[in-house]
Amino acid sequence: MSGRLFGSPMFLGFDHLEQMLERASKGSGDGYPPYNIEQIAPNGLRITLAVAGFRMEDLQITQEDNQLVIRGRQVEEGEERVYLHRGIASRQFQKAFVLAEGIEIGGAWLDNGLLHIDLFRPQPEVRVKQIEIMQGGQKGQVAPASGVKPRPTPRMLHPVMDVDGR
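Thresholds, definitions, all that
Residues numbered from 1 in each chain as written. Predicted model: local features only at pLDDT ≥ 70, side-chain atom pairs only at ≥ 80, totals over all residues. Heavy atoms only, no water. Helix = DSSP H or I, 4+ residues; strand = E, 2+ residues; numbered from the N terminus. Buried < 20%, exposed > 50% of the residue type's maximum accessible area, 1.4 Å probe, protein only. Contact = heavy atoms within 4.5 Å. Areas by Shrake-Rupley, 256 points an atom, 1.4 Å probe, with all protein chains shown as cover. Pairing = 2+ DSSP bridges. Axes fitted to C-alpha atoms, helices over the stretch in contact; angles between N-to-C directions.

Caption draft 1: Representation of the overall build of the protein in the model. Scanning the protein for helices and strands turns up one helix and nine strands. Going residue by residue from the N terminus, the α and β elements of the protein occur as α-β-β-β-β-β-β-β-β-β. Relative to its 166 residues, the protein shows a buried fraction of 19%. Pairs at least 24 apart in sequence give 51% of the contacts found in the protein among residues at least 6 apart. Taken as a whole, the protein presents about 13,200 Å² of accessible surface, with 54% of it coming from carbon and sulfur.

Caption draft 2: Local environment of the sheet that holds strand β3 (residues 59-64). What the three strands build is an open sheet, ordered β3-β4-β5; its pairing is antiparallel. Whereas interior strands pair on both sides, the edge strands pair on one side only; in this sheet they are β3 and β5 (93-98). Going from strand to strand, the sheet's axes swing by 15 degrees on average, the running direction of each strand aside. Here six bridges tie strand β4 (residues 67-72) to β5, and the two strands are oriented antiparallel to one another. In the strand pairing of β5, Arg71 is matched with Gln94.

Caption draft 3: The arrangement of the pairing of strand β2 (residues 44-50) in detail. Across the seven residues of β2, five count as buried, placing the element largely inside the fold. Here six bridges tie strand β1 (residues 35-41) to β2, and the two strands are oriented antiparallel to one another. When the sheet's bridge partners are listed, Ile37 is paired in β2 with Ile47. Count of turn residues in the β1/β2 antiparallel hairpin: two residues. Alignment of β2 against strand β7 (residues 114-120), held across seven bridges, turns out to be antiparallel. Residue pairing in the sheet places Arg46 in a bridge with Asp118 of β7.

Function cannot be read off these values alone, since they describe shape.
Now the structure itself:
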């Protein structure tokens with residue numbers, strides 16, 4: 001078995017998911033700023049980042065394809081301050097979270113040094129589709145190579161329709 005997570009031939013089309021997992025594991029090395037992820041509803045999450053000392057103007061939240069990216073950059077004020085001890089970090093940061101397909105950003109707010117971002121996954125409509133079975137070939141068959149007799153026109157056994165009658 002290869003070192004790939006979705007190396008089985010039964011997992012078709014999961015290459016993008018494997019790439020997202022690799023990207024997420026590489027970007028999780030820095031622990032600044034600290035954050036929490038909590039479930040606020042069956043289909044809702046809240047990410048909370050501790051951004052003490054950052055103002056709203058210092059923060060930027062963007063959704064770039066399937067990533068939620070939070071950036072913080074404090075602008076040093078013009079006056080020179082003399083610190084006897086400086087324990088509050090004022091460094092810039094970038095924190096990225098990989099979002100599953102369909103996740104929507106519900107909103108963001110800054111409250112007492114905590115940046116909250118709500119995420120929701122709309123409930124998908126469940127659809128069941130019956131697939132027709134045809135005799136003698138496949139629908140939309142590629143033109144046969146020269147010298148090969150075409151197959152007879154297939155006969156449809158069952159009409160195609162959604163289970164709910166559409």
